[in-house]
Amino acid sequence: QVLLEESGGGLVQAGGSLRLSCASTGYSVHMYGMGWFRQVLGKEREFAAAINWSGSSTNYADSVKGRFAISRGYVKNTAYLQMNSLKPEDTAVYYCAADRQGERPTVVAGWYDYWGQGTQVTVSS
């Protein structure tokens, strides 16, 4: 079974940076596509970034393009989200997800097979 665990969230001032990590325990996800989504209480979960299994293809939401960067660890069993130039509107719970169809960096939440529990990111103005 795939178990995903996020870390790295916290409180940061606007303009600051955070790096989120997503580690897979249990079954390896090195052949899976990985994605990051975020959710504000009372709103739908929204796509932020995704990467395919090899790291050769990525996708970003327009709202984070140029500020966030998704990557995979050396052994590809981890995924990272480097978040720079953070804004108060980036405040949300951030979730990582794994897609067994590893070739595609999908933006569709319903296509992901496994989800982590989320990590809170709060950006103060």
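Scroll up to find the structure this text is about.
Values in this document were obtained by computation on a predicted structure and should not be read as measured data.

**Observations concerning the pattern of salt bridges**
Then comes step 1: Evaluation of the coordinates by the stated rule reveals 6 salt bridges.
Then comes step 2: Arg-38 is the partner of Glu-46 in a salt bridge, and the nearest nitrogen-oxygen pair spans 2.6 Å.
Then comes step 3: The exposure class assigned to Glu-46 is partly exposed, which follows from its relative accessible area of 36%.
Then comes step 4: Overall, the relative accessible area of 5% leaves Arg-38 in the buried class.
Then comes step 5: Between Arg-100 and Asp-113 there is a salt bridge, with the nearest N and O atoms lying 3.0 Å from each other. One end of the pair, Arg-100, is in the loop between β9 (92-99) and β10 (114-115); the other, Asp-113, is in the loop between β9 and β10, and 13 residues separate them in sequence.
Then comes step 6: Note on Asp-113: relative accessible area 30%, which makes it partly exposed.
Then comes step 7: The network of salt bridges with common partners includes Arg-38, Glu-46, Arg-67 and Asp-90.

**Considerations on the nonpolar core**
Then comes step 1: Membership of the largest hydrophobic core comes to 32 residues, with the highest contact counts inside it found for Leu-4, Met-34, Trp-36, Leu-81, Met-83 and Tyr-94.
Then comes step 2: Contributions of two or more residues to this core are made by β1 (2-7), β3 (18-26), β4 (33-39), β5 (46-51), β7 (68-72), β8 (78-83), β9 and β11 (119-124).
Then comes step 3: Setting aside its immediate chain neighbours within four residues, Tyr-94 contacts Glu-6, Leu-20, Trp-36, Phe-37, Arg-38, Phe-68, Leu-81, Met-83, Gly-118, Thr-119 and Val-121.

**Notes on a nonpolar patch on the surface**
Then comes step 1: On the surface, a nonpolar cluster with roughly 250 Å² of combined accessible area is contributed by Val-107, Val-108 and Trp-111.
Then comes step 2: Along the chain, the position of Val-108 falls in the loop between β9 and β10.
Then comes step 3: Looking at Val-108, the relative accessible area reads 32%, which means it is partly exposed.

**As for the environment of Ala-97**
Then comes step 1: The residue Ala-97 is located in strand β9 in this model.
Then comes step 2: C-alpha separation for the pair Ala-97 and Glu-5, spaced 92 residues apart in sequence, amounts to 9.6 Å.
Then comes step 3: Apart from the residues lying within four places of it in its own chain, the contact partners of Ala-97 are Leu-4, Gly-33, Met-34, Gly-35, Tyr-112, Tyr-114 and Trp-115.

Analysis parameters
- Residues numbered from 1 in each chain as written.
- Predicted model: local features only at pLDDT ≥ 70, side-chain atom pairs only at ≥ 80, totals over all residues.
- Heavy atoms only, no water.
- Salt bridge = Lys/Arg side-chain N within 4 Å of Asp/Glu carboxyl O.
- Buried < 20%, exposed > 50% of the residue type's maximum accessible area, 1.4 Å probe, protein only.
- Helix = DSSP H or I, 4+ residues; strand = E, 2+ residues; numbered from the N terminus.
- Core = buried A, V, L, I, M, F, W, Y, C linked by side-chain atoms within 4.5 Å.
- Contact = heavy atoms within 4.5 Å.
- Patch = residues over 30% accessible without salt bridge, like charges linked within 9 Å, V, L, I, M, F, W, Y side chains within 5 Å.
- Areas by Shrake-Rupley, 256 points an atom, 1.4 Å probe, with all protein chains shown as cover.

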